[in-house]
Amino acid sequence: MSTTRTILICSGKGGVGKTTTTANLGIALARSGASTVVLDADFGLRNLDLLLGLENRIVYTAQEVLAESCRLEQALVKHKQEPNLALLPAGNPRMLEWLTPKDMQAIVALLEEQFDYVLIDCPAGIEDGFKNAAAAAREALVITTPEVAAVRDADRVIGLLNTQGISPVQLVLNRVRPKMMSSQEMLSVDDVTDILALPLLGLVFEDEQVIVSTNRGEPLTLSDGNSPAARAYSNIAGRLQGEEIPLLDPAKMRRGLRAKMRELMQTKIF
Amino acid sequence: MTLHLPNQRSQHWKDALPGLLNQESSAPVELDCGEWSLNCSDWQQLLQLLNTMGRQLRWIRSRNPLTVVSAAALGLDAHLEGNCEPTAAGSDEPDGLLIHQGTLRSGDHLQCDGDVLIYGDVNPGARVSAGGDVMVWGRLRGIAHAGCHGSTTARIVALHLRPVQLRISTAVARGPEDQPLDGLTEQARLDQGAIVIEPAETRRFR
Ligand SMILES: Nc1ncnc2c1ncn2[C@@H]1O[C@H](COP(=O)(O)OP(=O)(O)O)[C@@H](O)[C@H]1O
Ligand SMILES: [Mg+2]
């Protein structure tokens, strides 16, 4: 059995950050030296290639590989700046029918022969698209935002993952706004983990740099920029590889300068 | 005068109802649903049909507990009738206990004929229905239906009882909105047809 970690990135609800997470995590893992491939299983609304700035370099998809009309190496798109990262689109948007769980298992088996990490960007929903994408996954990251509807859908997806023997299933809480959390206008971290009962792999703050980088086709983890979301994604990659990195506590984020000073005084730095 | 929906085997109620309504006067309708199992969307269709015929629904009679529950959930005046209370009087024998280990997540629906003990949470969006008692060794935050075949003595007990909705037999109630005291196990039971929530009794279940 291969030691490759094949991880499904899923959420139930759309627009909560699956693709953003896949792209940033892919880059971060690759940077740390792990050979990584991101598989775009959301090919109906394919946009992982856009986020990675690789749109214009796609020629083939997994479909041609399985039909043996091209070799895997031809279909894999290497990232320009990060040679440890490759992208493989599962299909193209006009071909909504071909992918089956068997196809998915076949293509992932090929990828597992040569990569350390296979990240699968999953479509929203819990229907066939999700089931196909999940067919070859061994573990999963569930992405949610601190909103009631997103958490409800994530819960549904976790139930389905559990019935498929996918484990571990870990949680990433995206678009966290510390201000809204501390004023209780948004579900708190505890509210979310209370319901979903999963290990929390990371928190990503709402960060406009995410949108800027999305439009530029350069994931945040690619540059040395130090925006909160960039750090969060790097930390998630680290934790995924077994590093012990403490989680930020958004409840403490808002304590003003004075509280921080007091803390420093107590530690007798002054 | 009462309108009777047709026997399930002879005709579908949707086909029969317009004819039945035409025969009648314009008086408010008393509807006998017989054995039909009508869910909330059936009721909505039925109400719409009545509406377009300019008729009002006064009250409902049914021999099917599920029909009464869904009607009650929509705020209709519904009554269960007939010999449909299998566990109501004198039966000390529970239909057996089902133990479910693990949390029910959104979209899950656990059903059983006897009592059920859930060792885990019932999350928002999940449902549990039992012919007998529903016991949750964990947090109940979804929908629970005890006595779903009509038993009026069934109870719902949870370490943390804050469901979206509670049903016992044919009664429906929304969950309380305030948080329970920490460490207080609560139960819901029927008291004169209405669901009451109180600290759980320590006596053995049925
Ligand atoms: N942490 C964040 N801060 C700000 N915007 C974000 C963040 N995460 C995602 N977004 C934005 O949310 C939108 C949806 O993200 P995307 O990754 O495409 O979601 P999905 O793949 O789950 O549908 C995108 O416009 C993205 O830029
Ligand atoms: Mg996406």
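Residues numbered from 1 in each chain as written. Chains lettered and ligands numbered in written order. Predicted model: local features only at pLDDT ≥ 70, side-chain atom pairs only at ≥ 80, totals over all residues. Heavy atoms only, no water.

(A) Broad picture of the overall build of chain B. A count of helices and strands for chain B gives 3 helices and 15 strands. Expressed along its principal axes, the backbone C-alpha trace of chain B runs to roughly 60 × 35 × 30 Å. When burial is assessed residue by residue, chain B has 45% of its 206 residues classed as buried. In chain B, the share of contacts with a sequence separation of at least 24, taken over all contacts with a separation of at least 6, comes to 37%. Split by element, the accessible area of chain B, about 10500 Å² in all, is 48% carbon and sulfur. Both charge centroids of chain B, one from 18 positive and one from 24 negative side chains, sit 3 Å from each other. (Helix = DSSP H or I, 4+ residues; strand = E, 2+ residues; numbered from the N terminus. Buried < 20%, exposed > 50% of the residue type's maximum accessible area, 1.4 Å probe, protein only. Contact = heavy atoms within 4.5 Å. Areas by Shrake-Rupley, 256 points an atom, 1.4 Å probe, with all protein chains shown as cover. Lys, Arg positive; Asp, Glu negative; His and termini not counted. Charge placed at Lys NZ, Arg CZ, Asp CG, Glu CD.)

(B) Structural detail: the nonpolar core. All names here are of chain A. Formed by 52 residues in total, the largest nonpolar core has its most connected members in Leu8, Leu88 and Leu161. Sorting elements by how many residues they give to this core places helix H7 (residues 148–163) first, with 6 residues. Apart from residues no more than four positions distant in its own chain, Leu8 is found in contact with Ile120, Cys122, Phe130, Ala133, Ala134, Ala137, Glu139, Ala140, Leu141 and Leu161. Of all hydrophobic cores here, the second largest spans 37 residues; its members include Leu25, Leu85, Ala229 and Ile236. (Core = buried A, V, L, I, M, F, W, Y, C linked by side-chain atoms within 4.5 Å.)

(C) Here's a closer look at the domain arrangement of chain B. Residue and element names in this part refer to chain B. You can read the domains of chain B as domain 1 (2–80) and domain 2 (97–199). Relative to domain 2, the C-alpha centre of domain 1 lies at a distance of 28 Å. Across the boundary between the two partners, domain 1 contributes 7 residues, which contact 8 residues of domain 2. Buried surface at the junction of domain 1 and domain 2, both sides included, amounts to about 550 Å², of which 80% is carbon and sulfur. (Domains from an automatic or database assignment. Buried area = accessible area lost by both parts, 1.4 Å probe.)

(D) Examining the sheet that holds strand E10 (residues 143–146) of chain B more closely. Residues and elements named next belong to chain B. Overall, mixed pairing links the 5 strands, which are arranged E6-E8-E10-E12-E13 in an open sheet. If you trace the sheet from one side to the other, it starts and ends with strand E6 (109–112) and strand E13 (171–174), each paired once. Here the average twist between neighbouring strands, direction ignored, is 10°. Direction of pairing for E6 relative to strand E8 (residues 127–130): parallel, over a ladder of 4 bridges. The residue of E8 that forms the bridge with Gln111 is Ser129. (Pairing = 2+ DSSP bridges. Axes fitted to C-alpha atoms, helices over the stretch in contact; angles between N-to-C directions.)

(E) The arrangement of unusual backbone geometry in detail. With an omega of 0°, the peptide bond between Ser167 of chain A and Pro168 of chain A qualifies as cis. In this fold, Pro168 of chain A is placed in the loop between H7 and strand E7 (169–176). The residue Arg175 of chain A is not glycine, and still its phi comes out positive at about 60°. Topologically, Arg175 of chain A is positioned in strand E7. In the Ramachandran plot, Gln192 of chain B falls in the positive-phi region, its phi being about 50° despite a non-glycine side chain. Relative to the helices and strands, Gln192 of chain B resides in the loop between strand E14 (186–191) and strand E15 (194–199).

(F) Region of interest: the site of ligand 1. Residues and elements named next belong to chain A. In the neighbourhood of ligand 1, 16 residues make up the surrounding shell, with Gly15, Lys18, Thr19, Thr20 and Asn174 lying closest. Relative to its unbound accessible area of 560 Å², ligand 1 is 82% covered by the protein chains. Secondary-structure elements contributing two or more residues to the shell around ligand 1 are helix H1 (18–31), E7, strand E8 (200–205) and helix H10 (208–216). Across the shell around ligand 1, the residue classes tally to 5 nonpolar, 7 polar and 4 charged. (Near = heavy atom within 4 Å. Nonpolar A, V, L, I, M, F, W, Y, C, P; charged D, E, K, R; others polar.)

(G) Expanded view of a nonpolar patch on the surface. Residue and element names in this part refer to chain B. On the surface, Tyr119, Trp137 and Leu159 cluster together to form a nonpolar patch covering roughly 330 Å² of accessible area. Structurally, Leu159 can be placed in strand E11 (residues 156–161). You can call Leu159 partly exposed: its relative accessible area is 34%. (Patch = residues over 30% accessible without salt bridge, like charges linked within 9 Å, V, L, I, M, F, W, Y side chains within 5 Å. Salt bridge = Lys/Arg side-chain N within 4 Å of Asp/Glu carboxyl O.)

(H) A look at the side chain of His79 of chain A. All names here are of chain A. Counting through the fold element by element, His79 comes out in the loop between strand E3 (77–78) and strand E4 (85–89). A distance of 3.3 Å separates a polar atom in the side chain of His79 from the backbone oxygen of Leu52. Filtering out sequence-adjacent residues up to four positions away, His79 remains in contact with Ile27, Leu52, Leu54, Arg57, Leu85 and Leu222. (Polar contact = N/O pair within 3.5 Å; in protein donor to acceptor, adjacent residues only side chain to side chain.)

(I) View of the pattern of salt bridges. Taken as a whole and judged by the stated rule, the model has 15 salt bridges over all chains. The residue Arg138 of chain A makes a salt bridge to Glu112 of chain A at a minimum N-O spacing of 2.8 Å. Taken together, the positions of Arg138 of chain A in the loop between helix H6 (128–134) and strand E6 (139–144) and Glu112 of chain A in helix H5 (residues 101–112) put the pair 26 residues apart, joining distant regions of the chain. The partly exposed category is assigned to Arg138 of chain A, whose relative accessible area is 30%. The residue Arg189 of chain B makes a salt bridge to Glu198 of chain B at a minimum N-O spacing of 2.6 Å. Its relative accessible area of 24% is what places Arg189 of chain B among the partly exposed residues. Overlapping salt bridges bring together Asp194 of chain A together with Asp121, Arg139 and Arg141 of chain B as one network.

(J) Looking closely at the pairing of E4 of chain A. All names here are of chain A. With 5 of its 5 residues buried, E4 lies for the most part within the structure. Here E4 shows a buried face lined by Leu85, Leu87 and Pro89 and a second buried face lined by Ala86 and Leu88. In terms of strand pairing, strand E2 (residues 36–40) meets E4 through 5 bridges, oriented parallel. Residue pairing for E4: Thr36 is matched across the bridge by Leu85. Alignment of E3 against E4, held across 2 bridges, turns out to be antiparallel. Its bridge partner lying in E4, Lys78 is registered against Ala86. Connecting the antiparallel pair E3 and E4 is a turn made up of 6 residues.

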